[in-house]
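Each chain is listed here by its residues.
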Amino acid sequence: MRFVVAIVFFVVAVVGVGLGVAQRTLWAPPDRVTAELQLDSTATVTVIDGTALNAYDGRQTLEIIGGVVAPPAEEPESSETPVVGETTAPTADPNAATETDAIVAAYGRTSDVLAWVGSATYNLVTFDDETASLVSERIAGSEMIVPNPAGSDLWFGDLEGEGELGLTVNVPDEVSMLVVSDGTLPAPQALSITWPLDNSTPFSTVLILGGVGSLVIGLLFLLWALLHMRRQRGPRRKSPKMPKVPRPSRYRPASTRTRVGRPKGRRAARRVALLPVLALGAVILTGCTGAGSATSVMPTSAPTDVAETPEVAVTENQLERIVARVGSTLEQADADRDVALAETRLAGPALELRQASYTIKSKVADFAVAPVIPSGDVQLILPERLPEEGDVWPRRVFAIVQAPATEDAEGEAVQTPPLALLLVQDDPRSQYKVHYAITVTLAEDGERPEVAPASLGAPLLPSTTPLLSVTPDDVALGYADLLLKGEESESFDLFQAEGDTLVEQIGAAAKAARRAALPTTAAIAFSNVVGDHEIFSFVTNDGGALVMLTIAETERVTPTEAGAAVNAPAAVAALAGRAQSTTGIQATYGLQILFSVPPVGSDAQVVLLGYTQGLIAAKEI
């Protein structure tokens, strides 16, 4: 009987291990699923919708193939093309085909992708749940040619390739993929998307462990059977032994006679037989525990009751990439004094100052073009919070960037002040341009306004908003008056005087000192106006705002005696075209200023956070 039990356990072991191994090899489910699509369209753009990218859970691996495509031909307004593995033959003459291997793939918010496409004709790729395949629909538009989307600030990421392009992303439903060739030729005609599948087989572990356990139990039963058989047979011959003299037994009462020591006979056999059963139970429980603790590696959807994060103009990664591109472009523009190149990344007062600086630099070799816009550490990001519809332009973002430390003549590290940037994107196909580049002058121990995290962003207020203690328009007018009149200005109490280095540099007292330093043959007059550039106001956490504005300050130096002449500094002479004049010289300096304005109802003063001053124009009177 023991041999029979051992054989049964051996059979169970072979079957269990065999089934477990087969589940992991021969019967293993696929570890990925691929959907393919072959297009036959003249559209220059293909948009892969986010729902198609997320037809299955997990990362999306895309393979896009460029090559020979048919020339433009008439197509129906919309058509659906089945996907998996099916190839549609081109209808055009193969001899007239055009070869293009260029591929550009970019991904971003679906609303941003469609805004970039605009009125262009494009192929919309979606996923058909019934057929489990990709389908394409041609969306007709009024344009066939689009610009090259590579390097656009609108994307979360983009990639270029030749002939064949592969990329792996992990994007949500709200993110779509844009695929083009070069914007003039039809988009790549072949693409595929591959998703990973959970092909884990938790029951195979139970079967393999159970098979190994059965094998061990079978071996124990076999050993037990062999030992029992040997005991039953015993020796064939017994040698005669001398009888032993019986020893007298000691008298013990019956009540004190107890069995001691290990059990013998059937009880011992029963306990030995229990050991394999307990071992089998432990193995089975171990296998069940392992199966129950197995979890899927696929991400789960977020709870539906969690509030959605509002859309913002850019993400942190986007802005870091944008700042790096801006810094690299302007570094090249500054080296070559290339105004056209600078115009690709500057606008407004920042461009106005750069243009004048390049003109001066071409005539004054030691003139320093400032401020230098770094491409380094982005310390603060405050993007504009977008309305619910999302596809709204222009878009604005505020950032503070720290330039890397430099070394002075003695080799000691010199840390330059951080730079506050205001970047604007005018439309979906435009790049972000710096409108304000302001050196932060607030002391390190100064109180800095708190702002929302980059993922939430902040709305912008109009220059006439009543939600602040003073409107941004009045801040500009009041500060301009303060620079001219000092303590006599009606706006003097509106601004915090402590730490205001701009007033110390060009305020009423500084103007009086300059006037006194002139010879009696010359006179100087100062005036200023609020700049005609847009004022930007980002809301802070306390209900106040970060306000950026411009002031244009003009100084006129004229001779006071007949025959006298006035001399112009080198920078002013470079813009005026004259180093000396008998009629006078007028110079205009642009001021880009950053303020912290308290909310309405607050008794706090307006605080100067930083400024940039530079010569922007000069002429002979």
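My aim in this report is to walk through the structure given alongside it, one point at a time.

So, how was this worked out
Residues numbered from 1 in each chain as written. Predicted model: local features only at pLDDT ≥ 70, side-chain atom pairs only at ≥ 80, totals over all residues. Heavy atoms only, no water. Helix = DSSP H or I, 4+ residues; strand = E, 2+ residues; numbered from the N terminus. Buried < 20%, exposed > 50% of the residue type's maximum accessible area, 1.4 Å probe, protein only. Contact = heavy atoms within 4.5 Å. Areas by Shrake-Rupley, 256 points an atom, 1.4 Å probe, with all protein chains shown as cover. Pairing = 2+ DSSP bridges. Axes fitted to C-alpha atoms, helices over the stretch in contact; angles between N-to-C directions. 1 Å grid on protein atoms, 1.4 Å probe; cavity = no way out; pocket = protein on both sides within 12 Å on 5 of 7 lines; lining within 4 Å. Points joined across faces, edges and corners; volume = space filled by probe spheres on them. Nonpolar A, V, L, I, M, F, W, Y, C, P; charged D, E, K, R; others polar. Salt bridge = Lys/Arg side-chain N within 4 Å of Asp/Glu carboxyl O. Core = buried A, V, L, I, M, F, W, Y, C linked by side-chain atoms within 4.5 Å. Polar contact = N/O pair within 3.5 Å; in protein donor to acceptor, adjacent residues only side chain to side chain. Patch = residues over 30% accessible without salt bridge, like charges linked within 9 Å, V, L, I, M, F, W, Y side chains within 5 Å. Lys, Arg positive; Asp, Glu negative; His and termini not counted. Charge placed at Lys NZ, Arg CZ, Asp CG, Glu CD. Phe/Tyr/Trp six-rings, centres within 6.5 Å; stacked < 30°, edge-to-face > 60°.

As for the overall build of the protein chain
Reasoning step 1: Each helix and strand in the protein chain was counted, giving 12 helices and 25 strands.
Reasoning step 2: Scored against the burial criterion, the 621 residues of the protein chain give a buried share of 41%.
Reasoning step 3: Taking the intrachain contacts of the protein chain between residues at least 6 apart in sequence as the baseline, contacts between residues at least 24 apart amount to 75%.
Reasoning step 4: Carbon and sulfur atoms provide 55% of the accessible area of the protein chain, an area that totals close to 34,100 Å².

Details of the pairing of strand E12 (residues 190-196)
Reasoning step 1: Burial analysis of E12 places 6 of its 7 residues in the buried class, which makes it a mostly covered element.
Reasoning step 2: Inspection of the sheet shows strand E1 (residues 32-38) paired to E12 by 7 bridges, in the antiparallel sense. Paired with alanine 35 across the two strands is isoleucine 193, which belongs to E12.
Reasoning step 3: In the sheet, strand E3 (residues 60-65) pairs with E12 via 5 bridges, with the strands oriented antiparallel. Bridging across to E12, leucine 62 finds its partner in isoleucine 193.

Remarks on the sheet that holds strand E8 (residues 133-139)
Reasoning step 1: The strand order across the open sheet built from 6 strands is E8-E7-E2-E11-E6-E9, with neighbouring strands paired in mixed fashion. Two strands in the sheet have a free side with no partner beyond their single neighbour: E8 and strand E9 (157-162). Across this sheet, the average inter-strand angle for adjacent strands is 20°, counted without regard to direction.
Reasoning step 2: Strand direction decides the pairing type here: strand E2 (residues 45-48) and strand E11 (residues 175-180), joined by 4 bridges, are antiparallel.

Considerations on empty space enclosed by the protein
Reasoning step 1: Taken as a whole and assessed by the stated rule, the structure comprises 1 cavity of 30 Å³ or more.
Reasoning step 2: Estimates place the volume of the largest cavity at around 40 Å³.
Reasoning step 3: Along the walls of the largest cavity sit Leu346, Ala350, Leu353, Arg354, Pro371, Ile373, Ala437 and Gln592, which together make up its complete lining.
Reasoning step 4: Examining the composition of the lining of the largest cavity, we find that 3 residues originate from one element, helix H8 (residues 348-363), more than from any other.
Reasoning step 5: When grouped by side-chain class, the residues that make up the lining of the largest cavity number 6 nonpolar, 1 polar and 1 charged.

Some details on the pattern of salt bridges
Reasoning step 1: Evaluation of the coordinates by the stated rule reveals 14 salt bridges.
Reasoning step 2: Ionic pairing is found between arginine 396 and glutamate 384, a salt bridge with its closest N-O pair at 3.0 Å. In this pair, arginine 396 sits in strand E14 (residues 395-402) while glutamate 384 sits in the loop between strand E13 (377-383) and E14, placing the two residues 12 residues apart along the sequence. For the pair formed by arginine 396 and glutamate 384, the shared burial category is buried.
Reasoning step 3: Between lysine 485 and aspartate 481 there is a salt bridge whose closest N-O contact spans 3.3 Å. Taken as a pair, lysine 485 and aspartate 481 lie in helix H9 (residues 472-485) at a separation of 4 residues, close to a single helical turn.

Describing the pairing of E3
Reasoning step 1: Taking every second residue as pointing to the same face, the buried face of E3 carries Gln60, Leu62 and Ile64, while none of Thr61, Glu63 and Ile65 on the other face is buried.
Reasoning step 2: The pairing of E3 with strand E10 (residues 164-169) spans 6 bridges and is antiparallel. When the sheet's bridge partners are listed, isoleucine 64 is paired in E10 with leucine 165.

A closer look at the layout of surface pockets
Summary: where empty space remains is shown by rolling a probe the size of a single water molecule over the atoms.
Reasoning step 1: The space that makes up the second largest pocket amounts to roughly 530 Å³.
Reasoning step 2: Around the second largest pocket sit 25 residues that line it, and Glu447, Arg448, Gln496, Ser596 and Val607 are the ones nearest its centre.
Reasoning step 3: Split into classes, the residues belonging to the lining of the second largest pocket amount to 9 nonpolar, 10 polar and 6 charged.

Observations concerning the nonpolar core
Reasoning step 1: In terms of nonpolar packing, the biggest core is built from 27 residues, with Leu319, Leu346, Ile373, Leu421, Leu423 and Val434 touching the most fellow members.
Reasoning step 2: Listed by contribution, the elements that provide at least two residues to this core are helix H6 (316-336), H8, E13, E14, strand E17 (419-425) and strand E18 (433-440).
Reasoning step 3: In contact with leucine 346, other than residues within four places in its own chain, are Leu330, Leu351, Arg354, Ile373, Lys433 and Val434.
Reasoning step 4: Grouped together as the second largest cluster of nonpolar side chains are 25 residues, Tyr479, Leu502, Leu549 and Leu608 included.

Some thoughts on the sheet that holds E12
Reasoning step 1: Ordered in space as E1-E12-E3-E10, the 4 strands form an open sheet in which the pairing is antiparallel. Whereas interior strands pair on both sides, the edge strands pair on one side only; in this sheet they are E1 and E10. Averaged over neighbouring strand pairs, the angle between their axes works out to 15° when direction is ignored.

Section: the side chain of glutamate 555
Reasoning step 1: With respect to the helices and strands, glutamate 555 occurs in strand E21 (residues 545-559).
Reasoning step 2: What makes glutamate 555 buried here is its relative accessible area of 11%.
Reasoning step 3: Of the polar contacts made by the side chain of glutamate 555, one reaches the side chain of arginine 514; its length is 2.8 Å.
Reasoning step 4: Residue contacts for glutamate 555: discarding those within four places in its chain leaves Arg514, Ile524, Ala525, Phe526, Ile585, Gln586, Ala587 and Tyr589.

Remarks on the environment of valine 14
Reasoning step 1: Relative to the elements of secondary structure, valine 14 occurs in helix H1 (residues 2-24).
Reasoning step 2: What makes valine 14 exposed here is its relative accessible area of 62%.
Reasoning step 3: Sequence separation between valine 14 and isoleucine 208 is 194 residues; the distance between their C-alpha atoms is 9.3 Å.

Quick word on a negative patch on the surface
Reasoning step 1: Together, Glu407, Asp408, Glu410 and Glu412 give the surface a local cluster of negative charge.
Reasoning step 2: Following the sequence through the fold, glutamate 412 ends up in the loop between strand E15 (406-407) and strand E16 (413-414).
Reasoning step 3: For glutamate 412, a relative accessible area of 48% corresponds to the partly exposed category.

Points about a nonpolar patch on the surface
Reasoning step 1: Side chains of Ile7, Val11, Val15, Leu19, Leu26 and Trp27 sit close together on the surface and give an oily, nonpolar patch of about 640 Å² of accessible area.
Reasoning step 2: Within the secondary structure, isoleucine 7 sits in helix H1.
Reasoning step 3: Owing to a relative accessible area of 52%, isoleucine 7 belongs among the exposed residues under this scheme.

Some remarks on the packing of aromatic side chains
Reasoning step 1: This model, assessed by the stated rule, comprises 9 aromatic pairs.
Reasoning step 2: A ring pair is formed by phenylalanine 398 and phenylalanine 538, whose centres lie 6.3 Å apart and whose planes are at 45°; its orientation type is tilted. In this pair, phenylalanine 398 sits in strand E14 while phenylalanine 538 sits in strand E20 (residues 536-539), placing the two residues 140 residues apart along the sequence.
Reasoning step 3: Of the residues examined, phenylalanine 538 reaches a relative accessible area of 0% and is grouped as buried.
Reasoning step 4: Ring geometry for tyrosine 479 against phenylalanine 495: centres 5.1 Å apart, planes inclined by 65°, an arrangement best described as edge-to-face. One end of the pair, tyrosine 479, is in helix H9; the other, phenylalanine 495, is in the loop between H9 and helix H10 (501-506), with 16 residues separating them in the sequence.

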